[in-house]
Amino acid sequence: MLSLRLFGDSAHQTICIGKQKERQAQIDNLSPLYSQPLSSPEEELHALSISQLVAKCHEGHISPSEIMLAYGKKAVQAHQATNCITDFMFDQALLIPAVANWSQGADADSASSNSSDSSRDRPSLLGVPVGIKDTVNIAGHDSTIGFSANAFHPSSSSSSIVRLLQDAGALIHAKTAVPAGLFGIETSSDLWGRTSNPYNPAYTCGASSGGGAALLASGGSKIEIGSDIGGSVRIPAHFCGLWSVKSSVGRFPSWGNTTSLPGLESVPIITAPMAGTLEDLEEFWKRVILAKPWLYDHTCIPLPWQPVNLREEGRRLKWGIMWDDGVIPPTPACKRALAMVVSSLRQQGHEVVDFTPPDTLNLLRIGYELLFSECGDQIRENLSPSEKLGAPVAALMDLLSLPRWLKRVLSYLTARSGDPLTATLINVMHRKSVREERALVFEREKQKATWHDKWTEQGLDFVLTVPVALPAFEHGASEKTTLMCAAYNLIFNLLDYTTGVMPITHVDKDKDALPTEFTSTPEYKSMQPVAKGAYSVYDADKMHGLPVGVQIVGRRLEEEKVLEGMKVIEEALNVQGIKFNRKKL
């Protein structure tokens, strides 16, 4: 870090070039087999679910190396199309003891004994290809956070989730791209370049777990391990047509990972998986919990897997629909996806009611104050001279660095211009004392109590809303969407609610177009400036075919219930003939 400060721009550029050359050398040194198309047997293998992959590995029908070859081919293709991988670890994935000790027929013989002990001892994720976000530490590899200052400083140890997965026999074969500093809606950095959406290369894959979402959506992995502080897993899942569940604090192993805000507790940073199907997501979640993550991670709660069945015949659930976060109303494509779910649930006899969230603007204000209570120092101190952040984060860093008196002036002028929300945020984004931060945490807890009371009074099972007000947007457009478009996500991190995202449909240029002369309508004129900025990048014609999802919210530590609620939605949609079709990539 010091050397970069001393030598400036040239050191930063040299490191970026060197790191990209290192990555290219990894690609060049791969076996030529990885450059070939998948064979028919490999296509069949690639179509297997997690439970099928593991079972066939244990039965000796397929080997971990065969799985690695098939998924390695897809990973190379994915990277060539989207620039999603930062570190190729194909050979290393096959060296872990659970995989290296595999021999054809050995596990099958063990299984044939019908011994519950032998079944329990077998690696529960044997042969499952898993990508991990750049921030997930694995010994011998960099965790850069997208900063050149962290390049060529490999981790000395592996995080809790990596150790659990390796003991379970998973094939951790790739580290995936993130934006510089992690905060942002697009995945781009000087160090790694820009990552694109597999559905349309002109569009973003989301952030900050965007590289992993692009890899997974392209078929280059079975599971991606990301992290989420304000939508960093859920937004990429929504943009790329994937499934994800962000847990409450302590349910999924997180210890040992890297972050741009080390020590932050007031806004939980959650490690969370993404998957290409709901079946794989639930199976992965269950197998991780059955591996007793609390033995790997002191921050995990020793809470065993709790099977939930909400699909009993005649079971009627109550769903609260949050149509708006009070900041940016959903654009037509996102609103249509939510309406499709509402209609399908009602057709199945479920009770669906409108849910007006209590004081979201105040909760968001608290969240932003807590996130940047140190005035952005932790991000700023890792930046090398001339290193670029994404436009929304760069603008925020500039604001945070201004003297407080000037922020008051800007706040006053912004309020006078008709933007009270932005004016409030400008006024409160200053360095916090210990007492000020404690007061904010107390305010957050009062907000939690208010949400708890309203949820309980209404007798809700779930809240449904959009993951973001927009589908994926064009590269560079986050300057207009701003970080405020993540508000639908941040509030649930602050509340520590279990939250899932699932794909529903695709943008349709005919169904989802804005009305003619929309900017002249009362609806548009009543929007806050931040919403108008977000709507300025929405174009259903250009976005045609991009995935659109919904967000399903449960209360604290209701991971199994949220997964089951996603099944209820999926089945209700299927009855109506609605099924999300993943693009063949």
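Among the eight residues of helix H11 (residues 210–217), eight are classified as buried, and the element is accordingly described as predominantly covered. Taken together, the buried positions of H11 are occupied by Gly 210, Gly 211, Gly 212, Ala 213, Ala 214, Leu 215, Leu 216 and Ala 217. Gly 219 lies just past H11 and shows a positive phi near 85 degrees.

So, about the packing of aromatic side chains. A full pass over the atoms with the stated rule returns 12 aromatic pairs. Judged by centre distance (5.1 Å) and plane angle (65 degrees), the rings of Phe 252 and Trp 285 are edge-to-face. Placement of Phe 252 in the loop between strand S9 (243–246) and strand S10 (270–275) and of Trp 285 in helix H13 (residues 278–290) is noted, with a sequence separation of 33 residues between them. The pair Phe 252 / Trp 285 is uniform in exposure class, with both members buried. For the ring pair Trp 455 and Tyr 497, a centre distance of 5.3 Å and an interplane angle of 75 degrees mean the geometry is edge-to-face.

What the 11 strands build is an open sheet, ordered S1-S3-S2-S8-S10-S9-S14-S15-S13-S11-S12; its pairing is mixed. The strands lining the two open edges of the sheet, one partner per strand, are strand S1 (85–88) and strand S12 (351–354). Within the sheet, the average angular offset between the axes of one strand and its neighbour, ignoring direction, is 30 degrees. Where strand S8 (residues 223–228) meets S10, six bridges bridge the pair, whose relative direction is antiparallel. Note on S10: the bridge partner recorded for Asp 228 is Ile 270. Contacting strand S2 (129–133), strand S3 (171–176) and S8, helix H10 (residues 160–167) runs over the sheet at an angle of about 150 degrees to S3.

Quick look at the pattern of salt bridges now. Taken as a whole, this structure holds 25 salt bridges when the rule is applied. Across the salt bridge formed by Lys 567 and Glu 564, the nearest N and O atoms sit 3.7 Å from each other. With Lys 567 and Glu 564 both in helix H26 (residues 559–575) and three residues apart, the pair spans about one turn of that helix. Within the structure, one salt-bridge network assembled from shared partners comprises Glu 282, Arg 311, Glu 564, Lys 567 and Glu 571.

Our next topic: the confidence of the model for the protein. Looking at the protein as a whole, its pLDDT mean stands at 94, while 96% of the residues score no less than 70. Contacts for the low-pLDDT stretch residues 111–116, under 50 throughout, to residues beyond four places or in other chains number two contacts.

Moving on, we get to the nonpolar core. For soluble globular proteins, nonpolar side chains are generally found buried alongside one another. Judged by nonpolar contacts, the single largest core of 175 residues is most densely connected at Leu 165, Ile 225, Trp 319, Phe 372 and Met 566. Excluding residues within four positions of it along the chain, Ile 225 makes contact with Val 130, Gly 131, Ile 132, Lys 133, Val 136, Ile 161, Leu 165, Phe 252, Thr 271, Ala 272, Pro 273 and Phe 284. In terms of nonpolar packing, the next biggest core, distinct from the first, is built from five residues, Ile 15, Cys 16, Leu 191 and Trp 192 among them.

Turning our eyes to something else, we now look at a nonpolar patch on the surface. A cluster of nonpolar side chains, Trp 405, Val 409, Tyr 412 and Leu 413, forms an exposed patch at the surface whose accessible area comes to about 450 Å². Turning to its location among the elements, Leu 413 is positioned in helix H18 (residues 404–416).

Definitions and limits used
- Residues numbered from 1 in each chain as written.
- Predicted model: local features only at pLDDT ≥ 70, side-chain atom pairs only at ≥ 80, totals over all residues.
- Heavy atoms only, no water.
- Buried < 20%, exposed > 50% of the residue type's maximum accessible area, 1.4 Å probe, protein only.
- Helix = DSSP H or I, 4+ residues; strand = E, 2+ residues; numbered from the N terminus.
- Phe/Tyr/Trp six-rings, centres within 6.5 Å; stacked < 30°, edge-to-face > 60°.
- Pairing = 2+ DSSP bridges.
- Axes fitted to C-alpha atoms, helices over the stretch in contact; angles between N-to-C directions.
- Contact = heavy atoms within 4.5 Å.
- Salt bridge = Lys/Arg side-chain N within 4 Å of Asp/Glu carboxyl O.
- pLDDT = per-residue confidence, 0-100.
- Core = buried A, V, L, I, M, F, W, Y, C linked by side-chain atoms within 4.5 Å.
- Patch = residues over 30% accessible without salt bridge, like charges linked within 9 Å, V, L, I, M, F, W, Y side chains within 5 Å.
- Areas by Shrake-Rupley, 256 points an atom, 1.4 Å probe, with all protein chains shown as cover.

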